[in-house]
Amino acid sequence: GIQVEQSPPDLILQEGANSTLRCNFSDSVNNLQWFHQNPWGQLINLFYIPSGTKQNGRLSATTVATERYSLLYISSSQTTDSGVYFCATPGNTPLVFGKGTRLSVIA
Amino acid sequence: GAVVSQHPSRVICKSGTSVKIECRSLDFQATTMFWYRQFPKQSLMLMATSNEGSKATYEQGVEKDKFLINHASLTLSTLTVTSAHPEDSSFYICSANRGFLEKLFFGSGTQLSVL
């Protein structure tokens, strides 16, 4: 089945810093989602981005389907951005998740 | 956006008891819902696909007699953990979408602790 790899696994940022999270997938995809799981476990949809670039406030995402990767950009990070960021794409199951990037933003 | 409600958010039970978790799609009909399980600091793993009006489809290694799924209506799926044991302690999350390849929306999760 499809493999989803995320990097880095852990990231610590000073408040106000920018960061880039990466998601590589082993096969072509027609659906790629980014989620933020907050410290209480809630999964929040950030982007549904099978290809191209989308922006939502301080967050943006780019998926290059032909090269099998997606990037999530976080600018001017805030402490509320802390949590785990997952990318996911359908494989044999409705969504196959990467292992996530655990982000800690410190004041 | 679509809303998926999950209840309860947290449950603590004694070993041997059964626990029921509900998942509701509040503003859309979902013929299919999905149940995921997440261990601490790990990713989400699909347990089963819940199909309205028919039997659930379980992933390899998931015991169907342990994790009973009922999808009685287009807006409600339930997961019952039967005869729970400490190793069943985990975070369970349900999800649903409006249709094939549509984006998935997730419930808020249920933290199950079995003593």
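Everything quoted here is computed from the prediction, not taken from an experiment.

A. How the structure looks around the overall build of chain B. Each helix and strand in chain B was counted, giving zero helices and 11 strands. Ordering the α and β elements of chain B from the N terminus gives β-β-β-β-β-β-β-β-β-β-β. For 115 residues, the compact-globule formula gives about 13 Å, and the C-alpha radius of gyration of chain B, at 13 Å, lands near that figure. If one aligns the C-alpha atoms of chain B with their principal axes, the spans along those axes are about 35 × 25 × 20 Å.

B. Looking closely at the pattern of salt bridges. Overall, the coordinates contain three salt bridges over all chains when judged by the stated rule. Across the salt bridge formed by B:Glu22 and B:Arg24, the nearest N and O atoms sit 3.5 Å from each other.

C. Here's a closer look at the confidence of the model for chain B. Confidence in the prediction for chain B averages 91 pLDDT; 97% of positions are at 70 or higher. Taking the mean pLDDT of every element in chain B, the minimum, 89, falls on strand β10 (residues 105-106) of chain B and the maximum, 97, on strand β11 (residues 110-114) of chain B.

D. How the structure looks around the state of the cysteines. Per the stated rule, a full pass over the model turns up two disulfides over all chains. The partner cysteine of A:Cys23 in its disulfide is A:Cys87, sulfur to sulfur 2.0 Å. Handedness of the A:Cys23-A:Cys87 disulfide follows from its S-S torsion of about 80°: it is right-handed. With A:Cys23 in strand β3 (residues 19-25) and A:Cys87 in strand β9 (residues 83-89), this residue pair connects regions lying 64 residues apart in the sequence. The class of A:Cys23 is buried, set by a relative accessible area of 0%. With no disulfide of its own, B:Cys13 lies 18 Å from the sulfur of B:Cys94, the closest cysteine sulfur.

E. Main features of the pairing of β9(A). Residues and elements named next belong to chain A. In terms of residue burial, β9 counts as a mostly covered element, since seven of its seven residues are buried. Judged from the five bridges that link them, strand β4 (residues 33-37) and β9 form a sheet pairing that is antiparallel. The partner of Trp34 across the bridge, within β9, is Cys87. Relative to strand β11 (residues 101-106), β9 runs antiparallel, the two being bridged by three bridges. Across the sheet, residue Val84 finds its bridge partner in β11, namely Arg102. Pairing of β9 with strand β10 (residues 96-97), which is carried by two bridges, proceeds in the antiparallel orientation. Note on β10: the bridge partner recorded for Ala88 is Phe97.

F. Quick peek at the nonpolar core. B:Val4, B:Trp35, B:Phe67, B:Leu79, B:Tyr92 and B:Leu112 are the most contacted members of the largest nonpolar core, which has 25 residues in total. Elements with a contribution of two residues or more to this core: β2 (10-13), β3 (19-25), β4 (32-38), β5 (44-51), β7 (67-73), β8 (76-81), β9 (90-96) and β11 of chain B. With sequence-adjacent residues up to four places away left out, B:Tyr92 is seen in contact with B:Gln6, B:Ile21, B:Tyr36, B:Arg37, B:Met47, B:Phe67, B:Leu79, B:Gly109, B:Thr110 and B:Leu112. One finds A:Val4, A:Leu13, A:Leu21 and A:Leu103 within the second-largest nonpolar core, a separate group that totals 21 residues.

G. Geometry of the sheet that holds strand β8 (residues 69-74) of chain A. Residue and element names in this part refer to chain A. Sheet architecture is open: five strands sit in the order β1-β3-β8-β7-β6, paired in antiparallel fashion. Each end of this open sheet is capped by a strand with a single partner; those strands are β1 (4-7) and β6 (52-56). Strand after strand, the sheet turns through a mean of 15° between neighbouring axes, direction not considered. Pairing between β6 and strand β7 (residues 59-64): five bridges, direction antiparallel. Directly across from Thr53, in β7, lies its bridge partner Thr62.

What counts and what doesn't
Residues numbered from 1 in each chain as written. Chains lettered and ligands numbered in written order. Predicted model: local features only at pLDDT ≥ 70, side-chain atom pairs only at ≥ 80, totals over all residues. Heavy atoms only, no water. Helix = DSSP H or I, 4+ residues; strand = E, 2+ residues; numbered from the N terminus. Rg over C-alpha atoms; globule rule 2.2 N^0.38 Å. Salt bridge = Lys/Arg side-chain N within 4 Å of Asp/Glu carboxyl O. pLDDT = per-residue confidence, 0-100. Disulfide = S-S within 2.5 Å. Buried < 20%, exposed > 50% of the residue type's maximum accessible area, 1.4 Å probe, protein only. Pairing = 2+ DSSP bridges. Core = buried A, V, L, I, M, F, W, Y, C linked by side-chain atoms within 4.5 Å. Contact = heavy atoms within 4.5 Å. Axes fitted to C-alpha atoms, helices over the stretch in contact; angles between N-to-C directions.

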